[in-house]
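The primary structure of each chain is shown beneath.
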Amino acid sequence: MTAVLPVEWVDPGVDARADFGEFVRASLPTLLRYGHALTGNPHDAADLVQTVLEKLGARWSTLLRKGFEPLAYARRSMANAHISRWRRRSREKLVADFPDAIAESGVDRLEHEPLWQALRDLPPRQRAVVVLRFYEGLSELEIAATLGISPGTVKSQNSRAMATLRKRLEEG
Amino acid sequence: MTVELDDRLRELFADERLDLPARPDAAEVIVTGARRRRRARVAVASTFALTLLVGGGVAVSGVGGSLLGEPASPAPSTAPLPVRTSGYPVLRLGMPAQEARANPALTLTRIDTCEFYSLPDVPGDAVAISPRYGVARITRPATSVTPTSLLGVGTPAGKVLEHYPEAVRRDDLITVRLPGTPEWRYAFPLDDAGEVTAVRLELVGSDCPLGGG
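Residues numbered from 1 in each chain as written. Chains lettered and ligands numbered in written order. Predicted model: local features only at pLDDT ≥ 70, side-chain atom pairs only at ≥ 80, totals over all residues.

Student: Looking at this model, I keep getting lost on the overall build of chain A. Mind explaining?
Tutor: Across its full length, chain A carries 8 helices and 1 strand. Buried residues in chain A amount to 42% of all 172 residues. Partitioning the contacts of chain A with sequence separation of at least 6, the portion at a separation of at least 24 is 67%. (Helix = DSSP H or I, 4+ residues; strand = E, 2+ residues; numbered from the N terminus. Buried ≥ 20, exposed ≤ 12 C-beta atoms within 10 Å, placed from the backbone. Contact = placed C-beta atoms within 7 Å.)

Put into structure tokens, the structure is as follows:
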């Protein structure tokens, strides 16, 4: 049996299938850019965006029904998925071998920027905090809510990240 | 130094070189991937429910609904499925005729053994009300799709049967019995090309002539 009984079936007013496709088309540039900032390279950015959007699409009608704002939801999911994926890979020592389904070019045009290179030394959670703070412009409380950690942890992760970045830049 | 690093980070994250080009078919790849994930999730949920059914001897109609529901949804119930046309009170299968008739979304189109009504976004015999059994049919708007399987107008019959292996096809109509009280089903009328022309929720065993197409 494959039945589902929604508590209430509200007509979204649009075709959810077409709407998800439209959402993907409209949000891809901004999400790829955001993924690039989060992961530090085009390959992982494309993979992260694809994974998160596919999961979001699989639950699209439910999310709309519950009133989620899809773009904010996608960005939040990306930050968390990026951190979880790194943990998983680290634990299983997997070599990433994902198809580049989105990005046309694997060339990272920021390759030679010292600060971009320094960001690579940050563990994913610290990097996520930095991106949420300086890319997204979120407050400590908002970052804490997004990542599901305490404001104190946000503060300490941010301090460590900034110290590491300063050190790398001075060395460089 | 702190201020300078803050500024440098903001500047870096505003750099246009962060932009990445997307393949022209990227959106299609993702939409297809989302469909695949949805199917996989529904299949896993089905297998799990079946395992419980065999192992514990429990009724699917009582337990399957909640097991098969979307994980983060509020707990699904076996009560009649409510449907709301935006801005109007809900309708649900089996709702008493008198209560349903009071819904201002309904416009009477004809009276047979049952009464038929159109909805603001669904012309024709969108809703059927049996004086004895209450609301016996609710037709969804053409833009609406089934909540988890995303089946709707234009979906090929093969896809419907793929999502619901227990579905029954008779000529130009596919029906799928679903757990719940009262008993109900999806009805997917098909056109000559074998594509779904409407998504209907119907009471099983009412005295309304619901027919096919």
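What follows picks up the thread again.
Student: Can you walk me through the overall build of chain B in this structure?
Tutor: Secondary structure assignment for chain B yields 5 helices and 10 strands. Buried residues in chain B amount to 41% of all 213 residues. Put simply, 43% of the contacts in chain B that link residues at least 6 apart link residues at least 24 apart.

Student: Which parts of the structure should I look at to understand helix α2 (residues 42-58) of chain A?
Tutor: The periodicity of an α-helix, 3.6 residues per turn, causes residues three or four positions apart to be oriented the same way. Helix length check: α2(A), at 17 residues, gives a terminal C-alpha distance of 24 Å against a target of 24 Å (1.5 Å per residue), a fit within 8%. Here α2(A) lies mainly inside the structure; 14 of its 17 residues are buried. (Expected span 1.5 Å × (residues − 1).)

Student: Honestly, the sheet that holds strand β6 (residues 134-139) of chain B in this entry has me stumped. Any pointers?
Tutor: Strand pairing within a sheet occurs via backbone hydrogen bonds; the two strands may be parallel or antiparallel. All names here are of chain B. Reading across the sheet, the 8 strands line up as β3-β4-β5-β6-β10-β9-β8-β7 and stay open at both edges, with antiparallel pairing between neighbours. Each of the sheet's edge strands pairs with one partner strand only, and the pair in question is β3 (107-111) and β7 (168-170). Averaged over all neighbouring strand pairs, the angle between strand axes comes to 30°, with direction disregarded. Relative to strand β10 (residues 200-203), strand β9 (residues 184-189) runs antiparallel, the two sharing 4 bridges. When the bridges of β10 are listed, Arg185 appears paired with Glu202. (Pairing = 2+ DSSP bridges. Axes fitted to C-alpha atoms, helices over the stretch in contact; angles between N-to-C directions.)

Student: Teacher, can you tell me more about the pairing of β10(B) here?
Tutor: Each regular strand displays side chains that alternate between the two surfaces of the sheet. Residue and element names in this part refer to chain B. Alternating positions in β10 separate into two faces, Arg200 and Glu202 on one and Leu201 and Leu203 on the other, with burial throughout. Sheet topology places β6 next to β10; 3 bridges connect them, and they run antiparallel. In the sheet register, Arg137 faces β10, and the bridge partner there is Glu202.

Student: Sorry if this is basic, but what is going on with the nonpolar core here?
Tutor: Soluble, globular proteins show a tendency: their nonpolar side chains are buried together. Counting residues in hydrophobic clusters, the biggest one holds 50 residues, and the most contacted among them are Val24(A), Leu32(A), Leu38(A), Val49(A), Ala128(A) and Val131(A). In terms of residue count, the dominant contributor to this core is helix α1 (residues 16-39) of chain A (9 residues). Not counting the four nearest positions on each side in its chain, Leu38(A) is found in contact with Leu48(A), Met78(A), Ala79(A), His82(A), Arg127(A), Ala128(A) and Val131(A). Ala105(B), Ile129(B), Tyr186(B) and Val199(B) belong to the second-largest nonpolar core, a separate cluster that totals 38 residues. (Core = buried A, V, L, I, M, F, W, Y, C linked by C-beta atoms within 7 Å.)

Student: Explain the packing of helix α6 (residues 124-134) of chain A against helix α8 (residues 151-171) of chain A here, please?
Tutor: In a pair of packed helices, the angle between the axes and the distance between the axes together describe the arrangement. Residues and elements named next belong to chain A. Between α6 and α8, the shortest axis-to-axis distance is 9 Å and the interhelical angle comes to 95°. By the criterion of interaxial angle, the relationship of α6 to α8 is roughly perpendicular. Residues Arg125, Gln126, Val129, Val130 and Arg133 of α6 lie in contact with α8, whose contacting residues are Val154, Gln157, Asn158, Arg160 and Ala161. Its residues placed into classes, the contact of α6 with α8 shows 4 nonpolar, 3 polar and 3 charged. (Parallel < 35°, antiparallel > 145°, perpendicular 65-115°, else oblique. Nonpolar A, V, L, I, M, F, W, Y, C, P; charged D, E, K, R; others polar.)

Student: Explain the confidence of the model for chain B to me, please; I cannot follow it from the model alone.
Tutor: It should be kept in mind that the predicted coordinates are not to be read in detail where pLDDT is low. All names here are of chain B. Overall, the predicted model of chain B reaches an average pLDDT of 76, with 77% of residues at or above 70. The low-confidence segment residues 47-80 (pLDDT under 50) makes 62 contacts with residues lying over four places distant or belonging to another chain. Among the scores for the predicted complex, ipTM is 0.79 and pTM is 0.52. (pLDDT = per-residue confidence, 0-100.)

Student: Just to check I follow, could you spell out unusual backbone geometry for this structure?
Tutor: Peptide bonds are mostly trans, and most non-glycine residues show a negative phi. Here Asp171(B), not a glycine, exhibits a phi torsion of approximately 55°, which is positive. Checked against the element boundaries, Asp171(B) lands in the loop between β7 and β8 (173-178).

Student: Whenever I open this one, the environment of Pro131(B) confuses me. Can you help?
Tutor: Residues and elements named next belong to chain B. On the secondary structure map, Pro131 appears in the loop between β5 (122-130) and β6. Judged by the 14 C-beta atoms lying within 10 Å of it, Pro131 is partly exposed. Counting along the chain gives 17 residues from Pro131 to Cys114, while the straight-line C-alpha distance between them is 6.7 Å.

Student: I would appreciate a short explanation of α8(A) in the present structure.
Tutor: Residue and element names in this part refer to chain A. A rise of 1.5 Å per residue sets the reference length of α8, with its 21 residues, at 30 Å; its end C-alpha atoms lie 30 Å apart and thus fit the reference within 8%. Within the sequence span of α8, burial applies to Val154, Gln157, Ala161, Met162 and Leu165. Buried residues in α8, looked at end-on, bunch into an arc of 135°, giving them a common side. Among the exposed residues of α8, those pointing more than 90 degrees away from its buried face are Gly152, Ser159, Ala163, Lys167, Glu170 and Glu171. (Arc of directions from axis to C-beta.)

Student: Please clarify how the pairing of β8(B) should be interpreted in this entry.
Tutor: Residues and elements named next belong to chain B. Of the strand pairs in this sheet, β7 and β8 are connected by 3 bridges, and their pairing is antiparallel. If you follow Arg169 over to β8, its bridge partner there is Ile174. The antiparallel hairpin formed by β7 and β8 contains 2 residues in its connecting segment, where Asp171 sits at a positive phi of about 55°. Between β8 and β9, which pair antiparallel in sequence order, lie 5 residues; one of them, Gly180, sits at a positive phi of approximately 145°.

Student: Explain the packing of α6(A) against helix α7 (residues 140-147) of chain A here, please?
Tutor: Residue and element names in this part refer to chain A. Axis separation between α6 and α7 bottoms out at 10 Å; the angle between their running directions is 130°. It follows that α6 is oblique to α7 by the angle criterion. The crossing of α6 and α7 is right-handed. Counted together, Ala128, Val129, Leu132 and Arg133 of α6 and Ile143, Thr146 and Leu147 of α7 form the full contact between these two elements. (Left-handed = near helix turned anticlockwise from the far one by under 90°.)

Student: Can you help me understand the environment of Leu203(B) in this one?
Tutor: All names here are of chain B. With respect to the element layout, Leu203 can be found in strand β10. Looking at Leu203, the number of C-beta atoms within 10 Å reads 24, which means it is buried. For the pair Leu203 and Val135, spaced 68 residues apart in sequence, the C-alpha to C-alpha distance is 7.6 Å. Not counting residues up to four positions away in its chain, the partners in contact with Leu203 are Leu93, Gly94, Tyr133, Ala136, Pro182 and Trp184.

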